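What follows is the residue order along each chain.
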Amino acid sequence: MNQQNVLNQNETCPVCGEYQTVEFVSIVNASEFPELRAKVLDGELNQFFCRKCESVLPNPQTWFYLDNTLSIYAIVVPPDSICNSNFYAQWNPELDRQVQLITGPYELHTNYRLCFGLEDLVRYVTFRVGYYTFRKDVRRYYLDCRVPEDFLQKNKFAKRKRLKSLFCLVSFFPAGQVLTLNECIYLVNCHLTHFNNPNILQKEAGQKERILLIEELVALGLLDKVMDKVLFQVNQEWYPLKNEAGDN
Ligand SMILES: [Zn+2]
């Protein structure tokens, strides 16, 4: 591993109080070190594992995940930033949003993805792997995906098939990314294209229809709006269920 990015930090376990040294990789270059990609997918990288009480806690710092093979450049921020209004204030879509977070050689990178914690990154990497290698895996995800019951209940007057389509569509969006409407349309475009989703109507093709689709996602609670004209993705209420979708 590239030692210059590995930091050994002394931290106290917030659960049991054990003082220990924790390894933290501030810049993860997964195309150069594929074993790091595997660690990320196993949920093992940059998490706090307590040696004594075995608590697993999210890392409280921001780190970077680069993966040229999969065209990924992600900024991984602490998961609880998602509830922090000050965090959003740093991200002005009209300005260069990275200024606040990135310095050094990656400063000028513009095509990044913001991920809220390791789980969100794992989902995004999994998706990119599927997208780049076996598109059928993406379709498979759609077929296997379990839609949370309370989401269906809250929207019981809508068609179930439709709800599932939209839930799956949104579940591929990186959680918590702050987007302008145009960025959101672009994202929906990308996902509808490779999703080849049979239940999202083909006529939802134009700009106007995409805006309506986004409004529908907001109305169903799948996307949240924060600040004027900025969409904030993936309702956290449904979000924890994503891991139950795999494996069967
Ligand atoms: Zn502990």
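None of the values given here were measured: they were computed from a predicted structure.

Peer 1: What exactly am I supposed to notice about the overall build of the protein here?
Peer 2: For the protein, the helix and strand inventory stands at eight helices and eleven strands. Across the 248 residues in the protein, those meeting the buried criterion constitute 25%. In the protein, 64% of the contacts between residues at least 6 apart in sequence involve partners at least 24 apart.

Peer 1: Any chance you could explain the confidence of the model for the protein here in plain terms?
Peer 2: Detailed reading of the predicted coordinates is not advisable wherever pLDDT is low. Of all residues in the protein, 62% have pLDDT values of 70 or greater, and the mean over the chain is 73. Scored below 50 in pLDDT, residues 240–248 shows eleven contacts in the model against residues more than four places distant or in partner chains.

Peer 1: Any chance you could explain the environment of Phe24 here in plain terms?
Peer 2: Locating Phe24 in the fold gives a position in strand 2 (residues 19–25). For Phe24, a count of 18 C-beta atoms within 10 Å puts it in the partly exposed group. When the C-alpha atoms of Phe24 and Leu45 are compared, they prove to be 7.9 Å apart, with 21 residues separating the residues in sequence. Dropping the residues within four chain positions of it, Phe24 is found in contact with Leu7, Gln9, Asn46, Asn59 and Gln61.

Peer 1: Could you clarify how one ought to interpret the pairing of strand 2 in this entry?
Peer 2: Two strands pair when backbone bridges link them, and strand 1 (residues 6–12) and strand 2 are joined in this way by seven bridges, in the antiparallel orientation. What sits directly across from Gln9, in strand 2, is Val22. Hairpin geometry of strand 1 and strand 2 is characterised by an intervening segment of six residues between the two adjacent antiparallel strands and by a positive phi of about 85° at Gly17.

Peer 1: Sorry if this is basic, but what is going on with unusual backbone geometry here?
Peer 2: Most of the time, phi is negative for any residue but glycine, and the peptide bond is trans. The backbone of Asn46 shows a phi angle near 55°, a positive value even though the residue is not glycine. Tracing the backbone shows Asn46 in the loop between helix 1 (34–41) and strand 4 (47–49). We classify Asn46 as buried; it has 23 C-beta atoms within 10 Å. Phi at Glu54 takes a positive value of approximately 65°, unusual for a residue other than glycine. Summarising the element assignment, Glu54 is placed in the loop between strand 4 and strand 5 (56–58).

Peer 1: Help me out: how do you make sense of the sheet that holds strand 7 (residues 72–77) in this one?
Peer 2: Paired through their backbone hydrogen bonds, the strands of a sheet run either parallel or antiparallel. Within the open sheet, the four strands sit side by side as 3-6-7-8. Their pairing is mixed. At either end of the open sheet lies a strand with only one pairing partner, and these are strand 3 (27–29) and strand 8 (113–116). Averaged over neighbouring strand pairs, the angle between their axes works out to 20° when direction is ignored.

Peer 1: What is the right way to look at the nonpolar core in this model?
Peer 2: Buried together is how nonpolar side chains tend to be arranged in soluble globular proteins. Counting residues in each nonpolar core, the largest one holds 22 residues, and the members touching the most others are Val28, Val40, Tyr65, Ala74, Val76, Cys115 and Leu121. Secondary structure elements with two or more residues in this core: helix 1, strand 6 (63–67), strand 7, strand 8 and helix 3 (117–132). Contacts of Val28, omitting those with residues within four sequence positions, involve Leu36, Val40, Leu45, Trp63, Phe64, Tyr65 and Leu66. With 15 residues, the next largest nonpolar core counts Phe151, Leu166, Val188 and Leu222 among its residues.

Calculation notes
- Every chain begins its residue count from 1, and numbering advances along the sequence as written.
- Local features in this predicted model are restricted to residues of pLDDT 70 or higher, and side-chain atom pairs are both shown and tallied only at a pLDDT of 80 or more, whereas totals for entire chains, interfaces and linings draw on every residue.
- Labels follow the DSSP assignment, with helices taken as runs of H or I lasting at least four residues and strands as runs of E lasting at least two, numbered in each case from the N terminus.
- Counting other C-beta atoms within 10 Å of each residue's C-beta, where C-beta atoms are placed from the backbone, gives the exposure class: buried for 20 or more, exposed for 12 or fewer, partly exposed between.
- Contact criterion: two residues are in contact if their C-beta atoms, reconstructed from the backbone, are within 7 Å.
- The predictor attaches a confidence to each residue, and that confidence, scored 0 to 100, is pLDDT.
- What makes two strands pair is DSSP finding at least two bridges between them.
- Inter-axis angles, ranging from 0 to 180 degrees, are taken between N-to-C directions of lines fitted to C-alpha atoms, where helices are fitted over the stretch in contact.
- Each nonpolar core consists of buried Ala, Val, Leu, Ile, Met, Phe, Trp, Tyr and Cys residues. Their C-beta atoms, within 7 Å, join them into a set.

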